[in-house]
Amino acid sequence: MYEAGGYAVLAGCSISLVEGERGQMSPENVQRAIRKVAGSDSHYPECTLICVENTANVGGGSIYDQETLDAICEVAHRNDCRAHMDGARMFNAVVASGTDPARMVRDFDTISICLSKGLGAPIGSVLVGDAATIAEAHRWRKMFGGGMRQSGILAAAGLYALENNIDRLGEDHARARRLAEALDAMEEYSIDLGAVQSNMVYINCKKDGAKTLVNSLAERGVDVLDLEHGVDYGDISTLRAVVHLHITDEDIDRVIAAFDAAQ
Ligand SMILES: Cc1ncc(COP(=O)(O)O)c(C=O)c1O
């Protein structure tokens, strides 16, 4: 959906998007999406990789059950595919579900985690995998021009984030829940409260279109993401608010008041 469709240019691959409930794929639908060249009279692409995003952004920050993660990895491996977890927000899933991180990713071949976003480092993502995979990824990163020689200072910030900012993610989740419940109680907004499982709140607005509301909130000092990226497609629009370590209880009060005033 994002990153400018770069997979097609950089990796030269095709993808198959799998239907999901609140952003969560079922193992059955993953199995259905896997296509192999063999037996297809050259019609099918060769599927080699299954990617799972946890938490699922467009699913509202929703969290996979461990059983589903294990079953998806089993489907991947049974079909000679690798399993990758896009764990940009994995530690939100770890804290919200109380799962041990090593257990969560036990059956994955690779994972990526983001040191910014919830963990609060100014920059950085980390790819985790076996030594041979990382050596290969290191070479591709160099070829794509993504290598950095001056990354020590950035790594220091990332280490600080890993050592200090994981456990406190629960505070973000509690604030997101308070925000979601307060907005859902207002006439002009509706929220799928069941999808609010971590630090995100997707807000459906009933009138005016997202752009007007985003501008009105900005005037009150509140920045939210307009999912239509400024294009007004109709009278229902969705905004995304994300809570992170710079957002305090007082900020949540201010955001609730701003949404109320902007109704
Ligand atoms: C789910 C998810 N995966 C991956 C990325 C990419 O992260 P990075 O730009 O740090 O590689 C993002 C960034 O927004 C994301 O939200």
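Note that this is a predicted model, so its numbers are computed, not measured.

A.B. asks: I tried to follow helix α10 (residues 249–261) on my own but got confused; where do I start?
C.D. replies: Think of an α-helix as 3.6 residues a turn; residues three or four steps apart then line up on the same face. With 13 residues, α10 ought to run about 18 Å at 1.5 Å a step, and its terminal C-alpha atoms sit 19 Å apart, in line with that. Among all positions of α10, only Asp251, Ile252, Val255, Ile256, Ala258 and Phe259 are buried. Taken around the axis of α10, the buried residues stretch over an arc of 160°, which confines them to a single face.

A.B. asks: Got a minute to help me understand the sheet that holds strand β6 (residues 200–205) in this structure?
C.D. replies: In any sheet, the strands associate via hydrogen bonds between backbone groups, in a parallel or an antiparallel arrangement. The strand order β5-β6-β8-β7 describes an open sheet built from four strands, whose pairing is antiparallel. In this open sheet, the two strands that pair with only one neighbour each are β5 (189–190) and β7 (225–226). By the bridge criterion, two bridges tie β5 to β6 in an arrangement that is antiparallel. Bridge assignment links Tyr189 to a residue of β6, and that residue is Cys205.

A.B. asks: Where do I start with the environment of Ala132 in this structure?
C.D. replies: Turning to its location among the elements, Ala132 is positioned in helix α6 (residues 131–143). You can call Ala132 exposed: its relative accessible area is 57%. With 82 residues separating them in the primary sequence, Ala132 and Ile50 have C-alpha atoms 19 Å apart.

A.B. asks: Before we go on, may I ask you to explain the nonpolar core in this structure?
C.D. replies: For soluble globular proteins, nonpolar side chains are generally found buried alongside one another. Ile50, Met85, Met90, Phe91, Met104 and Phe108 are the most contacted members of the largest nonpolar core, which totals 31 residues. For this core, the secondary structure elements donating two or more residues are β1 (49–53), α3 (66–78), β2 (82–87), α4 (90–97) and β3 (110–114). Counting residues in each nonpolar core, the second largest holds 26 residues, with Ala180, Leu217, Val255 and Ile256 among its members.

Scoring rules and cut-offs
- Residues numbered from 1 in each chain as written.
- Predicted model: local features only at pLDDT ≥ 70, side-chain atom pairs only at ≥ 80, totals over all residues.
- Heavy atoms only, no water.
- Helix = DSSP H or I, 4+ residues; strand = E, 2+ residues; numbered from the N terminus.
- Expected span 1.5 Å × (residues − 1).
- Buried < 20%, exposed > 50% of the residue type's maximum accessible area, 1.4 Å probe, protein only.
- Arc of directions from axis to C-beta.
- Pairing = 2+ DSSP bridges.
- Core = buried A, V, L, I, M, F, W, Y, C linked by side-chain atoms within 4.5 Å.

Shape descriptors only; they carry no functional weight alone.
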